[in-house]
Amino acid sequence: MKLEGVELRRIRMPLRTPFRTSFGTEHERDVLLLRAVTTEAEGWGECVAMSEPLYSSEHVDGAAEVISRFLVPAVSGATSVAQASVAMARFKGHPMAKAAVEMALLDAQLRASGMSFGTFLGAVRPTVPAGVSVGIASDIPSLLSTVEGFLAEGYVRIKLKIEPGWDVEPVRAVRGAFGDSVPLQVDANAAYSLSDARHLARLDDFDLLLIEEPLDSLHDHVSLARQLRTPICLDESITSARVAAEAISAGACQVVNIKAGRVGGYLEARRVHDVCSAHGVPVWCGGMLETGIGRAANVALAALPGFVLPGDVSASDRYFAEDVAGPFVVEEGSVRVPEGAGLGVVPDAGLLASLTTSVVFVS
Ligand code: OSB
Ligand code: MG
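Residues numbered from 1 in each chain as written. Chains lettered and ligands numbered in written order. Predicted model: local features only at pLDDT ≥ 70, side-chain atom pairs only at ≥ 80, totals over all residues. Heavy atoms only, no water.

Section: the domain arrangement of the protein chain
Accessible area lost upon the coming together of the parts is a frequently used measure of interface size. Examined at the domain level, the protein chain breaks down into domain 1 (3-114 + 346-362) and domain 2 (119-336). Of the residues lining the interface, 35 residues belong to domain 1; the matching set on domain 2 comes to 39 residues. A combined buried area of about 3,000 Å² lies between domain 1 and domain 2, and 69% of that area is made up of carbon and sulfur atoms. Of all residues in domain 1, the largest losses of buried area upon contact with domain 2 belong to Phe19, Arg20 and Tyr55, amounting jointly to 22% of the total for that side. (Domains from an automatic or database assignment. Contact = heavy atoms within 4.5 Å. Buried area = accessible area lost by both parts, 1.4 Å probe.)

Structure follows, in structure tokens:
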């Protein structure tokens, strides 16, 4: 397989409702999609960088620049995904940009050989349980009606976004309204500091599955973990399999959220999974408001054996009125792992064209 070039396409996907986290509010998803054109097949990749560098240091304009200026030229002679990964590794950082290129090449390689993402990664389940991430609401009644809607749709796990001033009360309200048996967890996106430890310990009363990335320092999570009964899960801090191993042995986390974009690709994501499994640490698949393209790969990853907790693996209609690929649906609380070659889905060309804000071909 020889790469002939990569198309970079920006699409604008309006969100059905704004999504608010401790770091900001999204009204639309500005997505960079890649189409790798090779001698044998085409492959699709989705870059999960957001429009502003608020979740991590990457943003979508920067990722597009790095991909077109450095990564595509570096992988142009590559004849396999493994070779391309080595070629990209000499550039520092930019994991989401690298992950998108790797994903497009991997999709092309797998489509050419007729193998699905799930089979390639080592999926052991035909479906994965669907969890949902619920943004910070304007008030408790609107939060409760949102959660009620998701439970009615069959989601098997609720994650509440929290921040200082929106933490114990929303958790108490959700427990009060829907009971203690709903699998419930919270995500702070690093909005707290170690001096909030006593306050965060109040969440221990609610039997949460975990608290995700409460602090902005790996080191401080070690101290916090000693002061909480609620398990600590890391997201932002876990940037590679090596960092995962270090965090686990330091006692910084008891659970790990895996996002391929954050760790530089699906191959590294699988290595994070393997390291965590070797340490007996449960993992789950995070999300970045992906379209059906990124979602297809996430669902395949979430079917690996170590993914023992429900992920932020939702239906297409969680965020979008119309998805470019799929759509992915929740049936009996689960999402089906695509079985076709590669990602098993392709974007709808007409819809893609109508959403496109720019397109360039780099060779
Ligand atoms: O921290 O997990 C996060 C979305 C964007 C950036 C970071 C996060 C999230 C989510 C939503 O929580 C995940 C999803 O539903 O795709
Ligand atoms: Mg998170």
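Observations concerning the nonpolar core
If you look at the biggest cluster of nonpolar residues, it comprises 127 residues, and the most contacted ones within it are Ile67, Phe117 and Leu160. For phenylalanine 117, the contacting residues outside a window of four places in its chain are Met103, Leu106, Asp107, Leu110, Tyr266, Ala297, Ala300, Gly342 and Leu343. Ranked by size, the runner-up nonpolar core spans five residues in total, among them Leu210, Cys233, Val255 and Leu309. (Core = buried A, V, L, I, M, F, W, Y, C linked by side-chain atoms within 4.5 Å. Buried < 20%, exposed > 50% of the residue type's maximum accessible area, 1.4 Å probe, protein only.)

Some points on the coordination of the magnesium ion (ligand 2)
Bound to the magnesium ion (ligand 2) are the protein donor atoms Asp187 (OD), Glu212 (OE) and Asp235 (OD), situated 2.1 to 2.3 Å from the metal. Of note, the magnesium ion (ligand 2) draws all its donor residues from one chain, in the sequence arrangement D-x24-E-x22-D. With aspartate 187 in strand β7 (residues 184-187) and glutamate 212 in strand β8 (residues 211-212), the pair connects residues that are 25 residues apart, well separated along the chain. Each member of the pair, aspartate 187 as well as glutamate 212, is classed as buried. (Donors = N, O, S within 2.8 Å, 3.2 Å for Na, K, Ca; no water. Helix = DSSP H or I, 4+ residues; strand = E, 2+ residues; numbered from the N terminus.)

Comments concerning the sheet that holds strand β5 (residues 131-134)
Pairing in this open sheet of seven strands is parallel, and the strands run β5-β6-β7-β8-β9-β10-β11 from one edge to the other. With one partner strand each, in any of the chains shown, β5 and β11 (283-285) form the two edges of the open sheet. Alignment of strand β9 (residues 232-234) against strand β10 (residues 255-258), held across two bridges, turns out to be parallel. From the neighbouring strand, cysteine 233 faces β10, where its bridge partner is valine 255. (Pairing = 2+ DSSP bridges.)

Topic: the sheet that holds strand β2 (residues 24-38)
In spatial order, the strands read β3-β2-β1-β13; together these four strands make up an open sheet with antiparallel pairing. Only two strands of the sheet have a single neighbouring strand rather than two, namely β3 (42-47) and β13 (356-362). Strand-to-strand twist across the sheet, computed as the mean angle between neighbouring axes with direction ignored, equals 20°. Bridge analysis of strand β1 (residues 3-21) against β2 gives 14 bridges, and the strand direction is antiparallel. Counted as the bridge partner of threonine 21 is glycine 24 from β2. (Axes fitted to C-alpha atoms, helices over the stretch in contact; angles between N-to-C directions.)

Overview of the pattern of salt bridges
Counting across every chain of the model gives 19 salt bridges. Close ionic contact of arginine 35 with glutamate 42 constitutes a salt bridge, the shortest N to O distance being 2.8 Å. Close ionic contact of aspartate 107 with arginine 111 constitutes a salt bridge, the shortest N to O distance being 2.9 Å. Taken together, the residues aspartate 107 and arginine 111, both in helix α3 (residues 95-113) and four residues apart, mark about one turn of the helix. Look at arginine 111 and you get partly exposed, because its relative accessible area is 22%. (Salt bridge = Lys/Arg side-chain N within 4 Å of Asp/Glu carboxyl O.)

Concerning the packing of aromatic side chains
Within the structure shown, the criterion is met by six aromatic pairs. With a centroid separation of 5.6 Å and 85° between ring planes, the pair formed by phenylalanine 19 and tyrosine 319 is classed as edge-to-face. Separated by 300 residues along the polypeptide, phenylalanine 19 in strand β1 and tyrosine 319 in the loop between α12 (292-301) and β12 (334-336) bring together distant segments of the chain. Residue phenylalanine 19 shares its accessibility class with tyrosine 319, and that shared class is buried. Ring-pair connections join several aromatic residues into one group, and the members of that group are Phe19, Tyr319 and Phe320. Here the basic side chain of arginine 157 rests over the ring of tryptophan 284, its NZ or CZ set 5.3 Å away from the ring centre. One residue, arginine 270, lies across the ring of phenylalanine 120, its end atom 5.0 Å from the ring centre. (Phe/Tyr/Trp six-rings, centres within 6.5 Å; stacked < 30°, edge-to-face > 60°. Lys NZ or Arg CZ within 6 Å of the ring centre and 35° of its normal.)

Quick notes on the site of ligand 1
Looking at ligand 1, there are 17 residues lining it, with Lys161, Asp187, Asn189, Leu289 and Tyr319 nearest. Serine 133 is positioned with one of its side-chain polar atoms (N or O) 3.0 Å from an oxygen atom of ligand 1. The contact in question runs from an oxygen atom of ligand 1 to an N or O atom on the side chain of asparagine 189, over 2.7 Å. Structurally, the shell around ligand 1 is a two-domain feature, drawing no fewer than three residues from each of domain 1 (3-114 + 346-362) and domain 2 (119-336). (Near = heavy atom within 4 Å. Polar contact = N/O pair within 3.5 Å; in protein donor to acceptor, adjacent residues only side chain to side chain.)

Points about the packing of helix α2 (residues 81-89) against α3
Between α2 and α3, whose axes approach to 10 Å, the crossing angle comes to 165°. Overall, the two elements α2 and α3 adopt an arrangement that is roughly antiparallel. When the axes of α2 and α3 are compared, the crossing they make is right-handed. In contact with Val81, Ala84, Ser85, Met88 and Ala89 of α2, α3 contributes Lys98, Val101, Glu102, Leu105, Leu106 and Gln109. Class assignment for the residues of the contact of α2 with α3 results in seven nonpolar, two polar and two charged. (Parallel < 35°, antiparallel > 145°, perpendicular 65-115°, else oblique. Left-handed = near helix turned anticlockwise from the far one by under 90°. Nonpolar A, V, L, I, M, F, W, Y, C, P; charged D, E, K, R; others polar.)

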